[in-house]
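Okay, here's what each chain looks like letter by letter:
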Amino acid sequence: MRARLTYLPVEVADKFEDFIISRDEQVLDAVKARARDFSTLSLLKLLYQVRCGPMTFSELYASSKIRMKRSFLNYLRLCTDYGFVAKQNVGSNVSYSITDKGRTMLNLFMQKSN
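Description of the structure in this document. (Residues numbered from 1 in each chain as written. Predicted model: local features only at pLDDT ≥ 70, side-chain atom pairs only at ≥ 80, totals over all residues. Heavy atoms only, no water.)

### Brief notes about the sheet that holds strand S5 (residues 85-90)
- With antiparallel pairing, the three strands of this open sheet are ordered in space as S4-S6-S5. Of all strands in the sheet, those bounded by a partner on one side alone are strand S4 (55-56) and S5.
- Taken together, the two bridges between S4 and strand S6 (residues 93-98) define a ladder with antiparallel strand orientation. Across the sheet, the residue bridging to Thr56 is Ser95, located in S6. (Pairing = 2+ DSSP bridges. Helix = DSSP H or I, 4+ residues; strand = E, 2+ residues; numbered from the N terminus.)

Right, dumping it as structure tokens:
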């Protein structure tokens, strides 16, 4: 499997350093990096963003830094299908929040700081 280039929020890059081969330049609040396991890292990016509270689709898309909307939709669908993220209708918007199963998945990969 070859390494792929991706953009990560700075905080996510710090938490999931095991997935990063090399860091390149930092652009605003994102780090350009080469990643080992691209798919797992993309799932973790989504889960990490909704861990604090519910987010609308637009907020989640912008904060996840998954640049291709089609890829974002695929990872979001995977998260909802596996029960990592719950989808709720709030008026005319849709809100996404992390479930206990998603929090467990996220905690499996987070490094514990000393």
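Next comes the rest of the description.
### What about the nonpolar core?
- The biggest cluster of nonpolar side chains holds 31 residues, and the ones touching the most others in it are Phe16, Leu46, Leu47, Leu60 and Leu106.
- Mapped onto this core, the elements with two or more residues apiece are helix H1 (10-15), strand S3 (30-35), helix H2 (38-50), helix H4 (69-81), S6 and helix H5 (100-109).
- A per-element tally of this core places H2 first, with eight residues.
- If we ignore the near neighbours within four places in the chain, the residues touching Leu60 are Leu46, Gln49, Val50, Met55, Phe72, Leu76 and Tyr96. (Core = buried A, V, L, I, M, F, W, Y, C linked by side-chain atoms within 4.5 Å. Buried < 20%, exposed > 50% of the residue type's maximum accessible area, 1.4 Å probe, protein only. Contact = heavy atoms within 4.5 Å.)

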